[in-house]
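In case you want the letters, here they are:
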Amino acid sequence: MSLVKEFKEFAMRGNVIDMAVGIVIGAAFGKIVSSFVADVVMPPIGLLTGGVDFSDKSIVLKNAVEAAPATETTAAVAASPAVVLNYGTFINTVVDFLIVAFAIFVVIKLMNAAKRK
């Protein structure tokens, strides 16, 4: 069997196509959940915590170093970016994950209940 024919048979199986559709829908669902968390869930939480915007929360571990001016007589200092720990973005991502995990749990629970009937 030729490689092209074997690949065609593999790609046209129902399971592979179902998986591809699931991945595309999952990616779109992930974007919806991210928007839901960033635009609907986190603003009220920020309001309850005194106007805190979690996406801006970070700890600077090392400040950025700018390149020295060309007129300086000493050796030029190489520019280096700041080292920042973005824990606010991590909090948003954890909330995203929890919502997606809960939604998948509910869908699977409903599917299992429908199979039993």
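Definitions and limits used
Residues numbered from 1 in each chain as written. Predicted model: local features only at pLDDT ≥ 70, side-chain atom pairs only at ≥ 80, totals over all residues. Heavy atoms only, no water. Phe/Tyr/Trp six-rings, centres within 6.5 Å; stacked < 30°, edge-to-face > 60°. Helix = DSSP H or I, 4+ residues; strand = E, 2+ residues; numbered from the N terminus. Buried < 20%, exposed > 50% of the residue type's maximum accessible area, 1.4 Å probe, protein only. Core = buried A, V, L, I, M, F, W, Y, C linked by side-chain atoms within 4.5 Å. Contact = heavy atoms within 4.5 Å.

Draft legend 1. How the structure looks around the packing of aromatic side chains. Inspection of the entire model under this criterion finds 1 aromatic pair. For the pair Phe102 and Phe105, a centre-to-centre distance of 6.5 Å together with 35° between the ring planes defines the contact as tilted. One end of the pair is Phe102 and the other is Phe105, both in helix H3 (residues 87–116) and 3 residues apart, which spans about a single turn. Classification of Phe105 by relative accessible area gives partly exposed; the value is 47%.

Draft legend 2. Fine view of the nonpolar core. The biggest cluster of nonpolar side chains holds 6 residues, and these are Val33, Val37, Val41, Met42, Phe54 and Val95. If one sorts the elements of this core by residue count, helix H2 (residues 14–48) sits on top with 4 residues. Beyond its immediate sequence surroundings of up to four residues, Met42 is in contact with Val37, Phe54, Ile91, Asn92 and Val95.

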